Amino acid sequence: MNVNTMEYSATAKARPVSGKKPSIPVKCRQRNRFIPAFLIGVAVLSVLSLLYLEIDWLKMASRVGDIGLVFWDLAHLDFSNMDLIASSLVETISIAVLSLLYSLLLGIFFGMLAARNVFRLPWLSVLTQSFFTFLRAVPTPVWVLLMLVCLGMGPEAGVAGLCVHTTAFFTKSFAQSFESIPDETIEALEVTGASRLSIFMNAVLPAALSQIVAWAGMRLETNFSECAILGMVGAGGIGYVISNSLQGYDYGTAGVAILLVFLVAYGIERVFVRIKKKFY
Amino acid sequence: MEPILKFDNVSKHYPNGVHALKEVSFELCEGEFVSVIGPSGSGKSTLLRAINRLIPISGGTVWLDGQAVSALRGRNLRQLRRKVGMIFQNYNLVYSLSVLQNVLHGRLGYMNGVKGVFGLSSEDDKQEGLDLLEELGLADFAYNRASDLSGGQKQRVGIAPAIMQGPKLLLCDEPIASLDPSSAKTIMDLLRDMTQKRNIACIVNLHQLDVALKYSTRIIGLSKGEIVFDGRPEEMDDATIERIYGTSRENLMIGGERNDQTDSAHCA
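Just so we're clear, the structure is a prediction, and the values are computed from it rather than from any experiment.

1. Digging into the overall build of chain B
From N to C terminus, chain B includes 10 helices and 10 strands. At 19 Å, chain B has a C-alpha radius of gyration in line with the 18 Å of a compact globule built from 268 residues. Per-residue burial over chain B gives 42% buried out of 268 residues.

2. A look at the environment of A:Phe262
Residue and element names in this part refer to chain A. Following the sequence through the fold, Phe262 ends up in helix α11 (residues 251-279). Take Phe262: there are 12 C-beta atoms within 10 Å of it, and that puts it in the exposed class. Between the C-alpha atom of Phe262 and that of Met218, which follows or precedes it by 44 residues, the distance is 15 Å.

3. Some thoughts on the packing of helix α6 (residues 151-164) of chain B against helix α7 (residues 181-198) of chain B
Residue and element names in this part refer to chain B. Contact pair α6 / α7: the axes reach a minimum separation of 9 Å and the direction vectors enclose 15 degrees. With respect to α7, the element α6 is oriented roughly parallel. Seen from above, α6 lies across α7 with right-handed handedness. Residues Gly151, Gly152, Gln155, Arg156, Ile159 and Ile163 of α6 touch α7, and the partners they reach there are Ser183, Thr186, Ile187, Leu190, Leu191 and Met194. Residue composition of the contact of α6 with α7, grouped by class: six nonpolar, five polar and one charged.

4. Overview of the nonpolar core
Generally speaking, a soluble globular protein has its nonpolar side chains buried in company with each other. The biggest cluster of nonpolar side chains holds 130 residues, and the ones touching the most others in it are A:Phe178, A:Val204, B:Ile51, B:Val103, B:Ala160, B:Leu171 and B:Cys202. Sort the elements by how many residues they give to this core and helix α9 (residues 196-230) of chain A lands first, with 15 residues. Residue contacts for B:Ala160: discarding those within four places in its chain leaves B:Val103, B:Gly106, B:Leu132, B:Leu133 and B:Leu136.

5. With respect to the sheet that holds strand β4 (residues 59-64) of chain B
Residue and element names in this part refer to chain B. The four strands lie next to each other as β2-β1-β4-β5, forming an open sheet whose pairing is antiparallel. Among the strands making up the open sheet, the edge pair consists of β2 (19-28) and β5 (67-68). The sheet contact formed by β4 and β5 spans two bridges and is antiparallel. Residue Leu64 lies in a different strand from β5, and its bridge partner there is Gln67. Across the face of the sheet, helix α1 (residues 44-51) comes into contact with β1 (5-13), β2 and β4 while running at roughly 60 degrees to β2.

6. Focus on the interface of chain A and chain B
Each side of the interface is counted separately: chain A has 20 residues, and chain B has 24 residues. Those elements giving two or more residues to the side of chain A that touches chain B turn out to be α8 (183-190) and α9 of chain A. No other element matches α9(A), which puts nine residues into the side of chain A that touches chain B. Classifying every residue of the side of chain A that touches chain B by side-chain character gives 10 nonpolar, seven polar and three charged.

7. A word on unusual backbone geometry
Apart from glycine, the bulk of residues carry a negative phi angle, and the bulk of peptide bonds sit in the trans form. Even without a glycine there, the phi angle at A:Tyr249 is positive, about 55 degrees. Position of A:Tyr249 relative to the elements: it lies in the loop between α10 (238-247) and α11. Here A:Tyr249 falls in the exposed class, since 10 other C-beta atoms lie within 10 Å of it. The backbone of B:Asn92 shows a phi angle near 50 degrees, a positive value even though the residue is not glycine. Position of B:Asn92 among the secondary structure elements: in the loop between β6 (84-87) and α3 (99-104).

8. Details of α8(A)
Looking only at α8(A), the buried set comprises A:Thr185, A:Ile186, A:Ala188, A:Leu189 and A:Glu190. Along its buried surface, α8(A) packs onto α9 of chain A.

9. Structural notes on the domain arrangement of chain B
Residue and element names in this part refer to chain B. Assigned domains of chain B: these are domain 1 (1-83 + 171-176 + 200-268) and domain 2 (89-166). Taken together, the contact between domain 1 and domain 2 spans six residues of the former and five residues of the latter. Looking at side-chain class alone, the side of domain 1 that touches domain 2 contains one nonpolar, no polar and five charged residues.

10. With respect to the sheet that holds strand β8 (residues 201-206) of chain B
Residue and element names in this part refer to chain B. Ordered in space as β6-β7-β8-β3-β9-β10, the six strands form an open sheet in which the pairing is mixed. At either end of the open sheet lies a strand with only one pairing partner, and these are β6 and β10 (226-231). Sheet twist, expressed as the average angle between the axes of neighbouring strands with direction ignored, equals 20 degrees. The pairing of strand β9 (residues 218-223) with β10 spans five bridges and is classified as antiparallel.

About the cut-offs
Residues numbered from 1 in each chain as written. Chains lettered and ligands numbered in written order. Predicted model: local features only at pLDDT ≥ 70, side-chain atom pairs only at ≥ 80, totals over all residues. Helix = DSSP H or I, 4+ residues; strand = E, 2+ residues; numbered from the N terminus. Rg over C-alpha atoms; globule rule 2.2 N^0.38 Å. Buried ≥ 20, exposed ≤ 12 C-beta atoms within 10 Å, placed from the backbone. Axes fitted to C-alpha atoms, helices over the stretch in contact; angles between N-to-C directions. Parallel < 35°, antiparallel > 145°, perpendicular 65-115°, else oblique. Left-handed = near helix turned anticlockwise from the far one by under 90°. Contact = placed C-beta atoms within 7 Å. Nonpolar A, V, L, I, M, F, W, Y, C, P; charged D, E, K, R; others polar. Core = buried A, V, L, I, M, F, W, Y, C linked by C-beta atoms within 7 Å. Pairing = 2+ DSSP bridges. Domains from an automatic or database assignment.

Dropping the structure here:
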């Protein structure tokens, strides 16, 4: 009896006594104050953005029906321009593959310079990392537009523009993969008297290869979809067909092109999932 | 006989204020099999890594085969390192490569330029690697991925590149700490037999006192960065063990036959 009352008083102290069955607290005693502050910040910023943009909600609401209409039109696939769509799709894939290939080689090279554990020269890593951070900060379409100015219209500009951003991306991610190789593995080759470059090629690179394949697969997917956008700024490929036929209200052709873009992107993903499984 | 390795008042201070080695001096000759024992943090690993300059020392001189190690840089250091093979507790293989490729890593220090960079081994080296795997009882695994092997097999592979270097001195950093008792015996037997056959001096860091007593020709006891014992296994008595580990013998798990009696006494 005595024990029971003691237990009751102990639990009662933790929460207010009331007629209803009290709920048992489940959260940590020390709450993280950052999350509420973050949510309030987001709310304030959303309100400010809405006020600044002066969105005409009434006009938007009246056009909502058109979304269904356009998709309905897109769904009426028109295969009459199939030869044009097919050739530009192949062109887009080629641009994506070529830019991936060049960037892979460049990324491995610059990733080697950027990784802190390969040459053990901090200034070299910092210099390479910061240079490619700058390249990465500028978005791909801007690089393609710049290359269009330099190299003229056409797929060359697409390849070059994509390469800049992809190489910058690979440099950072490969450097991280190289740095994740345990120091002891490198130490084990250091004691044989091997040079730094030979340690990199014979131990670090093979050990990081499966990660490199994973990054490459992810990036090929991204590059392919970006390629579709790049066509719209004049770098050739299927994006040009999509934007042209949309502007000409040729929704059937655009529908086929968009569907194919989706199918290819999905296919690339599936293929790389399988390759990755084999690698492990 | 000219010593292969000579420590002359070697000290090591880490930036965090730890004195890992305090004026350590000793010599090592061909054919010796030396165990270094001592509690964790007594400087065993630092001692081993000071020899091939994986850790630069702060004072004194390490002489290896007549050359002062601390004075060497770049190419000269790499050439000196070829004379010293090293075996690690965690094997440190490249697990995505084949067993034979891992074995051939021991020759990288001898391969110049393009050959070294792309790992293009000569046919002689490949044959030597295969023969070595045969000797280690791993001939069937030459073309398996290193990740497919068991712990004991991985450590056997770990010995191979060190031997491929054609070293004068073999350093083993707790080679059996992660192994089961049976694999541990295999590894210790291999280390003793292979170094004896090739006349390689060997230094082994150990936590297992019974193993040290059984295999070594000489034992060095380290405590807090100082050598407190340097002699033959027979000279090791309870007082020495207490001095090395800083606690009486009953508080140590030493293993082996010598301890069985006291263990059963405790049980009863």
